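Now for the letters of each chain:
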Amino acid sequence: MNQPSTRRYDLDWIRVIAFGLLIFYHIGMFFNSEGWHVKSAHMNETVDHIMWLSSPFRLSLLFLISGVALRYAVDKATSVPRFAGRRFGRLFLPILFGMLVIVTPQAYFQLLATGEITPGYLDFYGRYLAGEESFSITVPTWNHLWYVVYLLVYTMLLLPLLPVVRRLADQLDRPWFGRLMSGGRLFLLPAVIFIIYRFTTDINFPENHALWGDWGAHARYGSYFLIGFLLAKNATFWTLLDRSWRGAVMGALILAVGLSFLWANWESWFGGITWIENIVRALRPLYAWMIIMAILGAGQAYLNRPGKWLSYCSEGIFPWYILHQSLIVISGALLGHMGLDVWSEFFLVLAVTAGGCLLIHEVLIRRIAFLRPLFGVPMKTREKALVVKAQLAG
């Protein structure tokens, strides 16, 4: 196992995979039975059952990885104030550009589907920028870019506390931490935090992605972000995980099967039975923590090595994230009127989304300098560009 201070390629790969999973999840939102911006005529509850297995952990994993990435980045910084300024610009510009340009088609097609507006994007765009209050949704909106908004806020709140947080991180990398978390407790004790949230903040403050007042989400995602920062270079944690992650895989699989059964039969068998409802409420965050540990452990074992596509994917995945949901909504709204069967519609939405992300990233974002910061990609020198090109040619 690499020392925790060296480059962690496994975490880079997991970040790419986690964002990729999110793209597939949002394609699923077009087809499942839950409310979304636009819906397929083939929406089906079967898709819900598949998506429920990723819902408890996908965003939590991203925030944890983001906390890890921040630790590695800020530890290399020569000036924390300058780092904070650069990080603010890197996250704020995509939020602003996204709200003004990228996510507006999502609001347009959603309001078109509900009959609140008539066709005509330019007329809608003026009302969007003006903050039209008669709409059933708040505009302007950040939609799926809420993750970037929350990441920006958490980062700016943590940076002034760096001396305290670093001391806490040092205290956690002590023998007592290893003794406390050994014997499988690594997969149980931290989950207690999120089980407490499930019965307190989650119930009292349902997740809404509005930033202010979204205290349930902040408790959960903020904790994962902080945990990622604290454990990023914790040799004790990574050694324990290296020894025991296969147990987390087994536990996550057992919980996945059990929860799938409970969720599938909820209304007919278990609805209204309080003690079963409370068990499921407790098992959901336990499953999330355990599968995150399984993913990190498996990644450490099998992915902690460079690859010729890793540099390309690491650079491209954030622009893909910014672009993907609008491409799903646009393609879904347009293809929905063509009378396609469900599989043709699915593969076409997938092809348009993936192809659109690839094309826009490869032809525009990578080659037009001023577009890079608008999609969260740092400017790079010609030398760095040649290195990446050589790696891909590899």
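Residues numbered from 1 in each chain as written. Predicted model: local features only at pLDDT ≥ 70, side-chain atom pairs only at ≥ 80, totals over all residues. Heavy atoms only, no water.

### A closer look at the overall build of the protein chain
Point 1. The secondary structure content of the protein chain amounts to 18 helices and 0 strands.
Point 2. Against the compact-globule benchmark of 21 Å for 394 residues, the protein chain has a radius of gyration of 22 Å, which places it among compact chains.
Point 3. Taken along its principal axes, the extent of the C-alpha atoms in the protein chain is 65 × 60 × 40 Å.
Point 4. Here the analysis covers contacts within the protein chain between residues at least 6 apart in sequence; of these, 76% occur between residues at least 24 apart.
Point 5. Taken as a whole, the protein chain presents about 19,100 Å² of accessible surface, with 67% of it coming from carbon and sulfur. (Helix = DSSP H or I, 4+ residues; strand = E, 2+ residues; numbered from the N terminus. Rg over C-alpha atoms; globule rule 2.2 N^0.38 Å. Contact = heavy atoms within 4.5 Å. Areas by Shrake-Rupley, 256 points an atom, 1.4 Å probe, with all protein chains shown as cover.)

### Details of the environment of Leu 286
Point 1. Tracing the chain through its elements places Leu 286 in helix α15 (residues 274-302).
Point 2. For the pair Leu 286 and Ile 193, spaced 93 residues apart in sequence, the C-alpha to C-alpha distance is 9.7 Å.
Point 3. If we ignore the near neighbours within four places in the chain, the residues touching Leu 286 are Phe 187, Leu 188, Ala 191 and Leu 255.

### So, unusual backbone geometry
The phi angle of most residues is negative, glycine excepted, and most peptide bonds adopt the trans form.
Point 1. The omega torsion across Val 139 and Pro 140 is -10°, close enough to zero to call that bond cis.
Point 2. Tracing the chain through its elements places Pro 140 in the loop between α6 (121-129) and α7 (146-158).
Point 3. For Asn 143, which is not a glycine, the phi torsion comes out positive at approximately 45°.
Point 4. Within the secondary structure layout, Asn 143 lies in the loop between α6 and α7.
Point 5. Here Leu 211, not a glycine, exhibits a phi torsion of approximately 75°, which is positive.
Point 6. If you trace the backbone, Leu 211 turns up in the loop between α11 (201-204) and α12 (215-231).
Point 7. On the basis of relative accessible area, Leu 211 is assigned to the partly exposed category, the value being 24%. (Buried < 20%, exposed > 50% of the residue type's maximum accessible area, 1.4 Å probe, protein only.)

### Structural notes on the nonpolar core
Point 1. Core analysis: the biggest nonpolar cluster contains 117 residues, and Phe 63, Tyr 147 and Leu 296 have the highest contact counts within it.
Point 2. Apart from the residues lying within four places of it in its own chain, the contact partners of Tyr 147 are Phe 19, Leu 59, Leu 62, Phe 63, Ser 66 and Tyr 321. (Core = buried A, V, L, I, M, F, W, Y, C linked by side-chain atoms within 4.5 Å.)

### With respect to the packing of aromatic side chains
Point 1. The full count for this structure, using the stated rule, is 39 aromatic pairs.
Point 2. The aromatic ring of Phe 229 is capped on one face by Arg 71, whose charged end is 5.5 Å from the ring centroid. (Phe/Tyr/Trp six-rings, centres within 6.5 Å; stacked < 30°, edge-to-face > 60°. Lys NZ or Arg CZ within 6 Å of the ring centre and 35° of its normal.)

### A short note on the pattern of salt bridges
Point 1. Evaluated as defined, the whole model comprises 11 salt bridges.
Point 2. Arg 8 is paired through a salt bridge with Asp 10; the nearest N and O atoms lie 2.6 Å apart.
Point 3. Take Asp 10: its relative accessible area is 0%, and that puts it in the buried class.
Point 4. For the salt bridge of Arg 71 with Asp 75, the shortest nitrogen-to-oxygen distance reads 2.8 Å. You can see Arg 71 and its partner Asp 75 sitting in helix α3 (residues 58-75), 4 residues apart, about one turn around the helix.
Point 5. Owing to a relative accessible area of 10%, Arg 71 belongs among the buried residues under this scheme. (Salt bridge = Lys/Arg side-chain N within 4 Å of Asp/Glu carboxyl O.)

### As for the environment of Leu 145
Point 1. With respect to the element layout, Leu 145 can be found in the loop between α6 and α7.
Point 2. Sequence separation between Leu 145 and Phe 24 is 121 residues, and the spatial gap between their C-alpha atoms is 16 Å.

### Here's the deal with the environment of Ser 66
Point 1. The topology assignment puts Ser 66 in helix α3.
Point 2. C-alpha separation for the pair Ser 66 and Ala 264, spaced 198 residues apart in sequence, amounts to 33 Å.
Point 3. The residues contacting Ser 66, other than those within four sequence positions of it, are Tyr 147, Leu 151 and Phe 225.
Point 4. Engagement of the side chain of Ser 66 in a polar contact is seen with the backbone oxygen of Leu 62, the distance being 2.7 Å.
Point 5. Polar side-chain contacts of Ser 66 include one of 2.6 Å to the side chain of Tyr 147. (Polar contact = N/O pair within 3.5 Å; in protein donor to acceptor, adjacent residues only side chain to side chain.)

### Considerations on the state of the cysteines
Point 1. What the rule picks out here adds up to 0 disulfides.
Point 2. For Cys 313, which is in no disulfide, the shortest distance to another cysteine sulfur is to Cys 357 and amounts to 13 Å.
Point 3. Classification of Cys 313 by relative accessible area gives partly exposed; the value is 24%. (Disulfide = S-S within 2.5 Å.)

### Some words on helix α10 (residues 189-199)
Point 1. Restricting attention to buried positions, one finds in α10 the residues Pro 190, Ala 191, Phe 194 and Tyr 197. All buried residues of α10 lie within an arc of 105° about the axis, which places them on one face of the element.
Point 2. Lining the buried residues of α10 we find α9 (175-181), α11, α12 and α15. (Arc of directions from axis to C-beta.)

### Concerning the side chain of Ser 331
Point 1. By secondary structure assignment, the location of Ser 331 is in helix α16 (residues 310-335).
Point 2. A residue is classified by how much of its surface remains accessible, and Ser 331, at 5% relative accessible area, is buried.
Point 3. Leave out the neighbours within four places in its chain, and Ser 331 touches Val 349, Val 352 and Thr 353.

### Quick notes on the confidence of the model for the protein chain
Point 1. Here the protein chain shows a mean pLDDT of 92. Residues at 70 or above account for 94%.
Point 2. Considering only residues more than four positions removed or in separate chains, one finds that residues 1-5, a stretch of pLDDT under 50, has 12 contacts.
Point 3. Note that residues 381-394 has pLDDT below 50 and, in this model, 8 contacts with residues that lie over four places away or in other chains. (pLDDT = per-residue confidence, 0-100.)

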